Amino acid sequence: MLLVLALIASSSALANCPDYAEGYNRRSFVSFIREDYKAAPKCLDRAVALTPDHIRAIVGRALALMSNPWLPERNRVTPLLSPKKTRPRPTFDL
C-alpha cells in the first residue's frame with residue numbers, strides 16, 4: 001500500500017514539475033522496489049536526459065537493467081562477493 005502511495009506522490013510531483021530529474025529518479029526507485037523493471041529504466045532515462053550528471057540515476061539504471069529478468073546480458077555480470085564469502089587470505093612462509 002505504501003509503495004502505491006509513493007508512486008502516486010511521485011507522479012503527482014512530476015505532473016506539477018515535469019522537468020524535475022529527481023522526481024523521475026524517485027519514481028523509478030518505487031518502480032524498482034515494486035519489481036516493475038520496464039518502468040524503472042524509462043524514468044531513469046528521462047532523469048539522465050534532464051540532468052546528464054545525475055549519478056544516482058545512472059547507477060540506478062544499471063541496477064534496474066541488471067535485475068531485469070528479461071535482459072539476456074544480465075547473466076554476464078559477475079556477482080560481488082558477499083560478506084560471508086570472502087576470499088581466503090594468502091599465507092606467507094617466513
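Our subject in this report is the structure included herewith. The model shown is predicted, which means the values in this text are computed figures rather than measured ones.

Take unusual backbone geometry next. In the Ramachandran plot, E35 falls in the positive-phi region, its phi being about 65 degrees despite a non-glycine side chain. Along the chain, E35 turns up in the loop between α2 (21-33) and α3 (39-50).

With that settled, the discussion passes to α2. Side chains of residues three or four places apart in an α-helix project in the same direction, reflecting 3.6 residues per turn. Compared with an ideal rise of 1.5 Å per residue, which puts 13 residues at 18 Å, α2 spans 19 Å between its outermost C-alpha atoms and is within 8% of the ideal. Contact partners of the buried residues in α2: α1 (2-16), α3 and α4 (55-67). Looking one or two places after α2, you find E35, whose phi comes out positive at around 65 degrees.

In this section: the pattern of salt bridges. Note that side chains of opposite charge can pair when their charged atoms are close. As enumerated under the stated definition, the model contains four salt bridges in all. Note that R56 is salt-bridged to E22, the shortest N-O span being 3.1 Å. Of this pair, R56 sits in helix α4 while E22 sits in helix α2, and the two are 34 residues apart along the sequence. Accessibility expressed as a relative area gives 11% for E22, which makes it buried. R61 serves as the salt-bridge partner of D45, at 2.4 Å between the closest nitrogen and oxygen. Remark: R61 occurs in helix α4 and D45 occurs in helix α3; sequence separation between them is 16 residues. A single salt-bridge network, built from bridges that share partners, covers E22, R26 and R56.

Attention now goes to the packing of α2 against α3. Running from N to C, α2 and α3 point in directions that differ by 165 degrees, and their axes come no closer than 8 Å. If you check the angle between α2 and α3, you find them roughly antiparallel. α3 is crossed by α2, and the crossing has left-handed handedness. Residues A21, Y24, N25, R27, S28, S31 and F32 of α2 pack against A39, A40, C43, L44, R46, A47 and L50 of α3. Class assignment for the residues of the contact of α2 with α3 results in nine nonpolar, three polar and two charged.

Among the structural elements, S10 can be located in helix α1. Apart from the residues lying within four places of it in its own chain, the contact partners of S10 are G23 and R27.

Parameters at a glance
Residues numbered from 1 in each chain as written. Predicted model: local features only at pLDDT ≥ 70, side-chain atom pairs only at ≥ 80, totals over all residues. Heavy atoms only, no water. Helix = DSSP H or I, 4+ residues; strand = E, 2+ residues; numbered from the N terminus. Expected span 1.5 Å × (residues − 1). Contact = heavy atoms within 4.5 Å. Salt bridge = Lys/Arg side-chain N within 4 Å of Asp/Glu carboxyl O. Buried < 20%, exposed > 50% of the residue type's maximum accessible area, 1.4 Å probe, protein only. Axes fitted to C-alpha atoms, helices over the stretch in contact; angles between N-to-C directions. Parallel < 35°, antiparallel > 145°, perpendicular 65-115°, else oblique. Left-handed = near helix turned anticlockwise from the far one by under 90°. Nonpolar A, V, L, I, M, F, W, Y, C, P; charged D, E, K, R; others polar.

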